[in-house]
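Chains, contacts and geometry: an overview
Each chain, written out:
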Amino acid sequence: MSPITKQKRKLSTIEHLLEGNIVCFVRLEGSFSLDRLRLALSRVHRKHPALRALIREQPDGLYYEADSAPEIPLRVVPRVTEGDYRRECQAELTFDFAYDKPQLRAVWLQSELESDLLLITSHRICDGMSIFTILREVLRALHNDEELIPYEPVTVWDIIGDHQPTQPWKRRLAVGLVNGLLPLIPSSRPAPESNEHYLEWRADRAVSDALRRRCKAEGVSVHAALVVALDRALFAVFGEKKLPKWIDNQMDPRRLGFPALKSDMLFLGGGSFKVRTGQAPDVEFWTRTRAFNKEMRKLIEQETLMIPSRFHFLEMLRPPGSGQLQSILRMNYALRMNDRLSGFPLSNLGNVEAIDSDAPFRLKDLRLYVHSFKARALGLVTYTINGEMRFYCISNEKCMSRSQVDALKTQFMALLQHHVIQPDSSASEIPACSVQ
């Protein structure tokens, strides 16, 4: 039975482990009032249970207390220069959410004709698709009076459902072993600060359309083409000996057919399917992409079936303390052989429709940034906005150096250029931030 009551529930093991911030930045051309923005945030606050709950620390762990969070904090600052958002993104990325504060906050960089809006959330309650849901609802509420419909809280137990392991005794044995070893793990001091590298670039509308047309002609998804290009770019950067073992493809649980999850609900994330790197490097690009496209469907189906079992196992474990988690991460990094990365995450968020066609303002830009407070951040995020494909690569300095991040972008876009498109050579970077 799940440890949930209507008003109070203990955080799941997964929620204990997720410590990071997500920042969504959007630039709007047009005007709206402060009162209207506060009203929009209030409507979103009333809809989503995760935004109305506070985290309470008690002797036996962390708890969510429902309907106890105040309104979403909003900070208004003048927008003096076009690049002011970088300073605010940097500050918000590294500013942790206190347990007794709402797990979403907003910053409005205000000017007369053009404004920047930042929405910042904790990864404990939100993944990339979730923050896009919040953004879409806030922007709609700025000009539309339609009320948002609240829903009941959704937890990992709703995904687990009535799942039972096929061999319960093996599950209990494994869980008992892990839980028995956990008290033996000492608490470690926080890791010393280290830099994260961010690089973002885009393929303009013509280039993005060309890629989509070619994928359609080849009978493959855009994601399949991106995986093959990333695989070969990683090989070019790392070589065979230090090549990451897997490309870890993140999956949106709202699209996987779980009855408890709807497309407009907030959730912390789902599973992922792994693709071994270095496969068929000499096979022609589109031949390999077509083969992988067929393989990918089976991988998604298999992983979808495994998600309830994996969540079930994790929820039987005792959540490690913050210091113990730091020790586990340190041991994991120390045992890594030859500095080889185990996996390279890829998150394809698809086409983001953030604004209505009848809105009295125009969306000029949208960007997504992430920061991890304990684990080493690494991965490539891609999404499409206003017809343009966007790419955002993040890496802790212990995973990839700045020069390797630059090289990955160059190799990745060169592969797409050779096979389908001409890349946009411009790339921009937000200042490096520290991992605490």
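Just above, that's the structure.
Residues numbered from 1 in each chain as written. Predicted model: local features only at pLDDT ≥ 70, side-chain atom pairs only at ≥ 80, totals over all residues. Heavy atoms only, no water.

A few points about the overall build of the chain
To keep it simple, the criterion reads: Numbering goes from the N terminus for both helices and strands, where a helix is a DSSP run of H or I of at least four residues and a strand is a run of E of at least two. Both definitions apply: the radius of gyration is a C-alpha atom measure, and the globule rule equals 2.2 Å times residues to the power 0.38. Here the term buried applies to any residue with accessible area under 20% of the maximum for its type, exposed to any over 50%, and partly exposed to those in between, with areas from a 1.4 Å probe on protein chains only.
Assigned secondary structure in the chain consists of 12 helices and 15 strands. Compactness check: the chain gives a C-alpha radius of gyration of 22 Å against a globular reference of 22 Å for 436 residues, within 12% of the reference. Counting only C-alpha atoms and orienting by the principal axes, one finds that the chain spans roughly 55 × 55 × 40 Å. Each of the 436 residues in the chain was classed as buried or not, and the buried ones make up 53%.

Considerations on the nonpolar core
To keep it simple, the criterion reads: Put simply, a nonpolar core is a bunch of buried Ala, Val, Leu, Ile, Met, Phe, Trp, Tyr and Cys residues held in one set by side-chain atoms that sit within 4.5 Å of each other. Whether two residues are in contact is decided by their heavy atoms: any pair within 4.5 Å suffices.
Core analysis: the largest hydrophobic core is formed by 121 residues, its most contacted members being Phe-132, Leu-366 and Phe-412. By residue number, the principal contributor to this core is helix H9 (residues 222-242), which donates 11 residues. In contact with Phe-132, not counting residues within four places along its chain, are Cys-24, Leu-349, Val-352, Leu-366, Leu-368 and Tyr-383.

With respect to the sheet that holds strand E3 (residues 54-58)
What counts, and what does not: Two strands pair if DSSP finds at least two bridges between them. Orientation is described by lines fitted to C-alpha atoms, with helices fitted over the stretch in contact, and by angles between N-to-C directions that extend from 0 to 180 degrees.
In space, the 3 strands of this open sheet follow the order E1-E4-E3, with antiparallel pairing throughout. Two strands bound the open sheet, and with one partner strand each, they are strand E1 (8-10) and E3. This sheet shows a mean twist of 30° between the axes of neighbouring strands, independent of strand direction. Direction of pairing for E1 relative to strand E4 (residues 61-65): antiparallel, over a ladder of 3 bridges. Its bridge partner being in E4, Arg-9 is matched across the sheet by Tyr-64.

Comments concerning the pairing of strand E7 (residues 114-122)
For E7, the tally of buried residues reaches 9 of 9 residues, placing the bulk of the element in the interior. Here strand E2 (residues 20-29) pairs with E7 via 9 bridges, running antiparallel. By the bridge assignment for E7, Val-23 is matched with Ile-120. Taken together, the 6 bridges between strand E6 (residues 104-110) and E7 define a ladder with antiparallel strand orientation. Across the sheet, residue Leu-104 finds its bridge partner in E7, namely Thr-121. Once E6 ends, the chain turns through 3 residues before running back antiparallel as E7.

Quick word on the side chain of Glu-114
Which entries qualify depends on this criterion: Pairs of N or O atoms are called polar contacts if they sit within 3.5 Å, as long as, within protein, a hydrogen donor faces a hydrogen acceptor (for residues adjacent in sequence, only side-chain-to-side-chain pairs).
Here Glu-114 is to be found in strand E7. Only 2.6 Å separates the side chain of Glu-114 from the side chain of Lys-364, close enough to count as a polar contact. Apart from the residues lying within four places of it in its own chain, the contact partners of Glu-114 are Arg-27, Leu-28, Gly-30, Arg-79 and Lys-364.

Side note on a nonpolar patch on the surface
What counts here: Here the term patch refers to residues with relative accessible area over 30% and no salt bridge, with like charges joined within 9 Å and nonpolar side chains (Val, Leu, Ile, Met, Phe, Trp, Tyr) within 5 Å. The accessible surface values rely on the Shrake-Rupley method and a 1.4 Å probe; as for residues, cover is taken only from the protein chains in view. Salt bridge criterion: a side-chain nitrogen from Lys or Arg within 4 Å of a carboxyl oxygen from Asp or Glu.
Together, Leu-177, Leu-181 and Leu-184 make up an exposed nonpolar region whose accessible area comes to about 330 Å². Relative to the assigned elements, Leu-184 resides in the loop between helix H7 (168-181) and strand E8 (196-203).

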